[in-house]
Amino acid sequence: MNRVTTIDLGSNSFRVLIYDCLNNEIIDEYNEVTGMADGLNETGDISKEAQDRVVNAINQSSIQLGYEPKDAVCVTTAAMRLANNSQDVLQEFEQRTGARFKIIDGKEEARLTLLAVKYALKREKIDSSKFILLDIGGGSTEIIVNTEDKFKSYSFNFGIVTLTQKHLDYKDLVQELESHKIDIKAFLDELNLDLKEYTFVATAGTPTTIAAIKLGQDFFHYDKDAVNGTIVNLKDLEDSLEIFRNSSNDTITKLVGRGRVEFIEVGIYIYRSIFEVLEKKKSIVLDDGLREGVAINHCLLR
């Protein structure tokens, strides 16, 4: 079989991909917000309610896409890395669905995401020799510096879900992000880069949402082919913040999807912080990420 099914179980999102190894094409996909990190800051555990949501998502996606969970290549990231009960949860998932998840560390997450983004940049006919990749997750934020065939990465221990649940006050959020900006700058300074030589590339839900809004799309009319390669600048971030600050929950839900409303503003603040650290005025947005990287990696190892 030239097909592979991959599952990316993140801190907030559950994403399935069926991929054609022979033609390097996506055959089908499934996305759902499962909120696995809900309450993780307070308890240190993945809740029973979150586990049930993930199990339901696995079962529903397998029916909709027609795949066997036991045959899928399944990875999970920051929330499961942090949770005290991660091994028990993974055993529960396997017993109830057949899906066997592997917890990958930040380095492997970066490598696989970078693999997908390199393929995507070539597909979009964008220079992939020197770029800095931002991947904003629910529980962590990855910064990857790619120079030709080498890369350096760092997984920072903050994301849209964890920061949203941690800070009810805007001033506290900004203060913490200023601290993270110092850490990110220190990581970049160690690499002795000329940042002007590097393109700023961003992936994951926040950048793609901003790009979609810029293009006049909403969650229910999302066109990933149009989003891929879209240029987002700081004004686009501010415009989106204005929309979210002055719109009803129903309007925001239509734009970003159910389960993302409470996190999107924090995601934009994180995105803006990276703009500031890199001293960039624009970034290229790509929809491709970890699940695509897992699929491509599996195809290459066959």
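Scroll up for the structure.
The text that follows walks through the structure, step by step, so that each part is easy to find. (Residues numbered from 1 in each chain as written. Predicted model: local features only at pLDDT ≥ 70, side-chain atom pairs only at ≥ 80, totals over all residues. Heavy atoms only, no water.)

Overview of the environment of Lys-196
Looking at the secondary structure, you find Lys-196 in the loop between helix H7 (170-190) and strand E9 (199-203). For the pair Lys-196 and Phe-158, spaced 38 residues apart in sequence, the C-alpha to C-alpha distance is 26 Å. (Helix = DSSP H or I, 4+ residues; strand = E, 2+ residues; numbered from the N terminus.)

Details of the pairing of strand E11 (residues 282-285)
Sheet topology places E9 next to E11; two bridges connect them, and they run parallel. Within E11, the residue paired with Ala-202 across the bridge is Val-285. Two elements, strand E10 (residues 230-233) and E11, share four bridges in a ladder whose sense is antiparallel. Along E11, the bridge assignment pairs Val-232 with Ser-283. (Pairing = 2+ DSSP bridges.)

As for the packing of helix H8 (residues 205-214) against helix H12 (residues 264-278)
The relative placement of two packed helices is expressed as an angle between their axes plus a distance between the axes. At a closest axis distance of 9 Å, the pairing of H8 and H12 adopts a crossing angle of 100°. Comparing their axes, H12 and H8 come out roughly perpendicular. Between H8 and H12, the contacting residues are Thr-206, Pro-207, Thr-209 and Ile-210 on the first element and Ile-264, Gly-267, Ile-268 and Tyr-271 on the second. (Axes fitted to C-alpha atoms, helices over the stretch in contact; angles between N-to-C directions. Parallel < 35°, antiparallel > 145°, perpendicular 65-115°, else oblique. Contact = heavy atoms within 4.5 Å.)

Describing the sheet that holds strand E5 (residues 101-103)
The sheet built from five strands is open, its strands ordered E3-E2-E1-E4-E5 with mixed pairing. Among the strands making up the open sheet, the edge pair consists of strand E3 (25-33) and E5. Strand-to-strand twist in this sheet, taken as the mean axis angle between neighbours without regard to direction, amounts to 20°. Relative to strand E4 (residues 73-76), strand E1 (residues 3-9) is paired through four bridges, and the arrangement is parallel. Each bridged residue has a counterpart across the sheet, and for Ile-7 the counterpart in E4 is Cys-74. Those strands touched by helix H2 (residues 48-65) are E1, strand E2 (13-20), E3 and E5, and its axis lies near 150° from that of E3. Across the sheet, helix H4 (residues 86-97) is in contact with E1, E4 and E5; its angle to E5 comes to roughly 160°.

Here we look at the side chain of Thr-113
Structurally, Thr-113 can be placed in helix H5 (residues 106-123). Polar contacts involving the side chain of Thr-113 include one to the main-chain carbonyl oxygen of Glu-109, which spans 2.8 Å. Residue contacts for Thr-113: discarding those within four places in its chain leaves Leu-133, Asp-135, Thr-203, Gly-289 and Leu-290. (Polar contact = N/O pair within 3.5 Å; in protein donor to acceptor, adjacent residues only side chain to side chain.)

Overview of helix H11 (residues 249-256)
Those residues of H11 that fall on the buried side of the exposure criterion are Ile-252, Thr-253, Leu-255 and Val-256. In a view along the axis of H11, the buried residues occupy a sector of 160°, so they form one face of it. In this fold, the buried residues of H11 make contact with H8, helix H10 (234-245) and H12. One or two steps after H11, the chain reaches Gly-257, where phi turns positive at roughly 95°. (Buried < 20%, exposed > 50% of the residue type's maximum accessible area, 1.4 Å probe, protein only. Arc of directions from axis to C-beta.)

Some points on the sheet that holds strand E6 (residues 130-136)
With respect to topology, six strands assemble into an open sheet ordered E8-E7-E6-E9-E11-E10, the strand pairing being mixed. Only two strands of the sheet have a single partner each, and these edge strands are strand E8 (150-156) and E10. Strand after strand, the sheet turns through a mean of 25° between neighbouring axes, direction not considered. Docked against the sheet, H8 engages E6, E9, E10 and E11, running at close to 100° with respect to E10.

Overview of the state of the cysteines
Summed over all chains, the structure comprises one disulfide. Residue Cys-21 pairs covalently with Cys-299 via a disulfide, S to S 2.0 Å. Torsion about the S-S bond of the Cys-21 and Cys-299 cystine: about -70°, corresponding to left-handed handedness. Remark: Cys-299 occurs in helix H13 (residues 290-301) and Cys-21 occurs in the loop between E2 and E3; sequence separation between them is 278 residues. A single burial state applies to Cys-21 and to Cys-299, both of which are buried. (Disulfide = S-S within 2.5 Å.)

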